[in-house]
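# Examining the three-dimensional arrangement
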Amino acid sequence: MSNLVSYERERTIGVITVDNPPLNALSVGVRQGLLDGLAHGLRDAGARALVIMGAGRTFSAGADIREFDRPLAPPDLNDVIGRIEASPKLVVAALHGTALGGGLEVALGCHYRCALRSTRVGFPEVTLGLVPGAGGTQRLPRLVGAELALRIIASGEPMPAERAHSLGRIDELIDGDLRGGAIALAERLVAEGRPLRRLSAIDDKLEAARRDPGIFDRFRQEIERQARGYLAPFKCIEAVRAAVTLPFAEGLRRERELFLECLASPQSRAQIHAFFAEREATKIPDVPRDTPTRPIGTAAVIGAGTMGGGIAMTFANAGIPVAVVEASEEALDRGLAVVRKNYAATVEKGRLTPAEMERRLALIRGTLAWETVADADIVVEAVFEEMAVKQEVFGRLDRLCQPTAILATNTSTLDVDRIAQATSRPGQVIGTHFFSPANVMRLLELVRGARTSTETIATAAALAGRLGKVWVLAGNCDGFIGNRMLAGYFREAAFLVEEGATPEQVDRVLYDFGFAMGPFAVSDLAGLDVGWRIRKGKAAARSTDLRYSPVADWLCERGRFGQKTGAGWYRYEPGGRTPRPDPEVAALIAESARAQGIRRREVGDEEVLTRCLYPLVNEGARLLAEGIALRPGDIDVVYLHGYGFPRYRGGPMHWADTLGLKRVSDEIARYHRVHGRLWEPAPLLRQLAEQGKGFRDFGRA
Ligand code: COA
């Protein structure tokens, strides 16, 4: 037997146990081990039935994703599962932790399934740009019907065992001792003479879909908007359709074709990259996993504005009591009313019970008394974005807070070190840059100041996990990772329209690339006044020999702040959200072009795309060289979770790798020649390109 799978007999039941830490991924050794374990059990005359289970914390997280970048080695998981299903002895799967992907497919190949109540089962393949490839799309519809199977497979969402039990996916729930319970179940099934339930041979549950084949097109329409741009969800539909229209063996072959097609696609490579990048981002070289952390029992937020309110909700959602400190009764009331309204909207959508809303609201305590911060283990400041104001707040917090408390700033642009200087504890000061709306957006940029201690970083990271955030550690600089890169994106969008593109064209190109909205529609949604105020503050420092588009400022001077004023880069019908082109804006753009002596021309879509996105890549390369971002993957995670970069493209750095850095570098060099200093190529980008490397090689010898 392989050392990854063991066989043992208990009374009349043979127990096959997979032990491939940490998550029992079904790597080649496990697949072979399962075949050997099965053969062993079938030879064992004392075994009347078999149980398959996993050692450690989980049944199985599915196929070994790390094997996907090389040819799949035999034995094929499909064959392993086929043999399990064909076993003349009854086989029970005993699930705990997670039974995902291939893990669930193994369980569906068994004749019966039992699970601990805490188990979660599902097919996350679609989130990796794949379809289940070992019979999942053929057996699940035979167990629960095609319609439900479609939802489960195309969403990728894991399901709690209790719900799976109520749907018949799991035959028995077990409390306490899984192994003992599974053995007892197997003995009972044998004693009762129960049949070997082979899903491949059952198809009565497919009848409904055979009578109403329209379910597939209806489902496609249902997901079309949400899954726009993605291949895999639609391939999942095809695979389930094959279960309904083809005999089992042919359906299995069709599923395999679709799986291989997805596996070879750039989308699945991008989504697998994202999966690993998210995990890699949490590894900080000088902050090992065993770095001590401080317990966070209570929190305080300074400021009840949009950000402060959202951050308070984030704490309450995680069950952490939070005080919200404001300067005036009026601002506090307004802020708390918005919080209540946001929760009420979630209740209305049926995503929160009224009781849970009240429980969360009870965790948020508004106050005008700054002394309240003395109870907090962490204080997050979310006040006006101005250094003097922030320093004043931090000086005050330093005097009032317990000596161990962490003082965090939600600044998106200011220097964390200067803020820390206002305190006597710079080691306990960190940036926690939430994205708006903070209770919804999953990204949290943690910003490390020059003196931020490793303990503070580890504590903030652990807290981020509790808050359900995807976090990335950034160094301290203007704009950190996300916003610093973004500057060039908006700059070029504005230049492009001066050169002859229209806001609609630019937005369409970026929408088609996969963003939910293009730069102009986003600006109108976010409000143009915020950027205007920041630009006015920095106007004196702006270099006069660099090109600058004044159009956004002109719009603001005319009171066009975006959707909230009914006009911005577009105009909006009263109360409407649909952007409509506006001749007044076109005239302003033309005037700006004239004033700068720009000859307007037709701008191609390809140029729009590269002019907007290459600045992200170029600035990203600088962030890497400066050590502001630790890894290209960290930058990708920031863009996937904070800026709506399409996941199926993997993030800006991965996307650049797929184009080839030589091409990107050459085109940036060309833009540099045409447009000047703003396009100065990043030395790291040029260097990697010259060496024929990609960002994926960064940091690797
Ligand atoms: N294959 C290979 N490696 C895997 C894996 C898989 N199917 N699932 C997880 N891992 C690795 C992770 O990369 C991580 O490695 P690291 O410690 O070197 O960073 C380690 O196992 C632990 O995973 P992590 O995600 O940090 O653990 P968790 O307890 O937070 O989450 C799961 C557990 C199972 C929910 C999560 O890992 C997951 O969703 N895995 C993918 C499941 C999947 O998509 N299966 C279908 C494959 S086609």
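Below, the structure is looked at part by part. (Residues numbered from 1 in each chain as written. Predicted model: local features only at pLDDT ≥ 70, side-chain atom pairs only at ≥ 80, totals over all residues. Heavy atoms only, no water.)

### Things to note about the site of the ligand
In the vicinity of the ligand, 19 residues are found, and the nearest of them are R57, A61, A63, R279 and K283. Between R57 and the ligand, the recorded distance is 2.6 Å, taken from a side-chain N or O atom to an oxygen atom. At 2.6 Å, a side-chain N or O of R279 approaches an oxygen atom of the ligand. Against a free-state accessible area of 870 Å², the protein chains account for coverage of 73% of the ligand. For the shell around the ligand, the element with the most residues is helix α12 (residues 266–280), which contributes three residues. (Near = heavy atom within 4 Å. Polar contact = N/O pair within 3.5 Å; in protein donor to acceptor, adjacent residues only side chain to side chain. Areas by Shrake-Rupley, 256 points an atom, 1.4 Å probe, with all protein chains shown as cover. Helix = DSSP H or I, 4+ residues; strand = E, 2+ residues; numbered from the N terminus.)

### Notes on the nonpolar core
By size, the foremost hydrophobic cluster in this structure holds 92 residues, and its most contacted members are I481, V506, W569, L613 and F695. Looking at which element gives the most residues to this core, the answer is helix α25 (residues 605–626), with 10 residues. Looking at which domains feed residues into this core, each of domain 2 (299–478) and domain 3 (483–697) gives three or more. The next biggest cluster of nonpolar side chains, apart from the first, holds 70 residues, and it includes L104, L128, V131 and V144. (Core = buried A, V, L, I, M, F, W, Y, C linked by side-chain atoms within 4.5 Å. Buried < 20%, exposed > 50% of the residue type's maximum accessible area, 1.4 Å probe, protein only. Domains from an automatic or database assignment.)

### Description of the packing of aromatic side chains
What describes a pair of aromatic rings is the distance from one ring centre to the other and the angle between the planes of the rings. Applying the stated rule across the entire model yields 15 aromatic pairs. Relative to F276, the ring of F275 lies with its centre 5.2 Å away and its plane at 80°, an arrangement referred to as edge-to-face. Under the relative-accessibility criterion, F276 is labelled partly exposed at 23%. Three or more aromatic residues joined by ring pairs form one cluster here, namely Y489, F490, F513, F515, Y614, F645 and W655. If you follow K536 out to its NZ or CZ, it ends over the ring of W532, 3.7 Å from the centre. (Phe/Tyr/Trp six-rings, centres within 6.5 Å; stacked < 30°, edge-to-face > 60°. Lys NZ or Arg CZ within 6 Å of the ring centre and 35° of its normal.)

### Quick look at the sheet that holds strand β14 (residues 406–409)
Strands sit in the order β12-β11-β10-β13-β14-β15-β16-β17 across an open sheet of eight strands; the sheet is mixed. If you trace the sheet from one side to the other, it starts and ends with β12 (364–367) and β17 (470–475), each paired once. Across the sheet, the mean angle separating the axes of adjacent strands is 25° when strand polarity is ignored. Pairing between β14 and strand β15 (residues 429–434): three bridges, direction parallel. Note that in β15 the partner of A408 across the bridge is I430. Along the sheet, helix α14 (residues 329–348) makes contact with β11 (322–325) and β12, crossing β12 at roughly 160°. (Pairing = 2+ DSSP bridges. Axes fitted to C-alpha atoms, helices over the stretch in contact; angles between N-to-C directions. Contact = heavy atoms within 4.5 Å.)

### Digging into the sheet that holds strand β2 (residues 13–18)
Taken in spatial order, the six strands make up an open sheet running β1-β2-β3-β4-β6-β9, and their pairing is mixed. Only two strands of the sheet have a single neighbouring strand rather than two, namely β1 (5–10) and β9 (172–174). Pairs of neighbouring strands in the sheet enclose a mean axial angle of 25°, with direction left out of account. Examined bridge by bridge, strand β4 (residues 90–95) and strand β6 (residues 112–116) share four bridges and lie parallel to one another. Across the sheet, the residue bridging to L95 is A115, located in β6.

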